[in-house]
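Chain and residue survey
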Amino acid sequence: MEPDVEGSEPVSAAGGEPSPASGLRREPGLGPGRGVGAASGVGRESSAAGEPGRGAAAPLPALAHSRHGTGAPLLLLHGIGSGRRCWGPVIGRLTARHEVLAVDLPGFGDSPALAADLRPTARELAGAVGRFMDARGIETAHVAGNSLGGWVGLELALSGRVRTLSLISPAGLWRDTTPFTTRLLLRSCRRAAPWLAGPAAPLLRTAPARTALLAGIYGRPVRVPYAHARAAARDMARAPGFEATWRAVSTTRFTGGRGIDVPVRVAFGSRDAVLRAGQARFLDELPEGTVAQVLPGCGHLPMHDAPEAVARFILATTADQPRPERLAAP
């Protein structure tokens, strides 16, 4: 499906000044939660989220994005080494009810990395997304995030920028630091990506080879088209922000989510080999009332595995349907 709009937008409104997109005054200082974007009054790349006025520099680099449909805004945030195109199979199922904004996080896809003096933690990446929202006049939005994108969504929710939050195999729900198996698989993907995007790309044209090469990430690799598989490998290989982001997020975890007061749903694929049960699916830092479920037959990136199921999961969250009893970690 072709996007209605595809491009990038810089964020240039500084804290305390009116935002041209929204006409709202952004006051310096921390807002609710941890302060991201409008809540923190940050409008420059050299100012960290939650640390207003840490130096005035050039306007923020633009975040590449695509826009589809109309309705209440819904942001789609991808994982580490990925990009906004991973949401392709799902987007068309969401546009009847939402203006869907698929965003490349800083240092991934077509978005430039953060300034060298900024450590790209999940909170810092959330600050960049918050400022992207400011530039479009969006105070709050529904958010769906996969892997690192889920962790970024949690940080956005802490700042009061989120209406509902759909977490799809979210990162950061481990104990202390990233589990060894997660580190091993992601580092292996990073090392193999140039090979798969280049000389070995023809192998991805056959279903047996895709099954063998992509089974660590997808639950049903045969459903991943060749063009997407090669593009995903290229995104992983070329991501300028991968190493710095990996260093920033792999030695910490998400905390403080018990105070989030918007609807939250979390789902893990039954074949997710990246974030395994008993290692990286602890829900104790999520708010009470979080709904947890399993996506049968799906891997870490379930958007190609079961696009209809992923879309239903997101739309159930944005509709704030009645919540069943809280489930145990999947």
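Residues numbered from 1 in each chain as written. Predicted model: local features only at pLDDT ≥ 70, side-chain atom pairs only at ≥ 80, totals over all residues. Heavy atoms only, no water.

**Re the packing of helix α4 (residues 180-197) against helix α7 (residues 242-249)**
Put simply, α4 and α7 touch, their axes get as near as 13 Å, and they point 175 degrees apart. Taken together, the axes of α4 and α7 are roughly antiparallel relative to one another. Within the contact between the two elements, α4 uses Arg183, Leu186, Arg187 and Arg190 and α7 uses Phe242, Glu243 and Trp246. Residue classes in the contact of α4 with α7 are distributed as three nonpolar, no polar and four charged. (Axes fitted to C-alpha atoms, helices over the stretch in contact; angles between N-to-C directions. Helix = DSSP H or I, 4+ residues; strand = E, 2+ residues; numbered from the N terminus. Parallel < 35°, antiparallel > 145°, perpendicular 65-115°, else oblique. Contact = heavy atoms within 4.5 Å. Nonpolar A, V, L, I, M, F, W, Y, C, P; charged D, E, K, R; others polar.)

**Some thoughts on the packing of aromatic side chains**
What characterises a pair of aromatic rings is the spacing of the ring centres plus the angle enclosed by the ring planes. In this structure the tally under the stated criterion is two aromatic pairs. With centroids separated by 6.4 Å and ring planes inclined at 10 degrees, the aromatic side chains of phenylalanine 242 and tryptophan 246 adopt a geometry described as stacked. Taken together, the residues span about one helical turn, with phenylalanine 242 and tryptophan 246 both in helix α7 at a distance of four residues. With respect to burial, phenylalanine 242 and tryptophan 246 carry one shared label: buried. In this arrangement the basic side chain of arginine 175 is found over the ring face of phenylalanine 282, its NZ or CZ atom lying 3.9 Å from the centre. Above the plane of the ring of tyrosine 226 lies arginine 205, whose end atom (NZ or CZ) is 3.9 Å from the centre. (Phe/Tyr/Trp six-rings, centres within 6.5 Å; stacked < 30°, edge-to-face > 60°. Buried < 20%, exposed > 50% of the residue type's maximum accessible area, 1.4 Å probe, protein only. Lys NZ or Arg CZ within 6 Å of the ring centre and 35° of its normal.)

**Description of the confidence of the model for the protein**
The share of residues in the protein with pLDDT of 70 or more is 78%, and the mean pLDDT across the chain is 84. Confidence drops under pLDDT 50 across residues 9-35; counting only partners more than four residues distant or on other chains, this segment forms 78 contacts. Under a pLDDT of 50 for its full length, residues 321-328 has, in the predicted model, 23 contacts with residues more than four places off or in other chains. (pLDDT = per-residue confidence, 0-100.)

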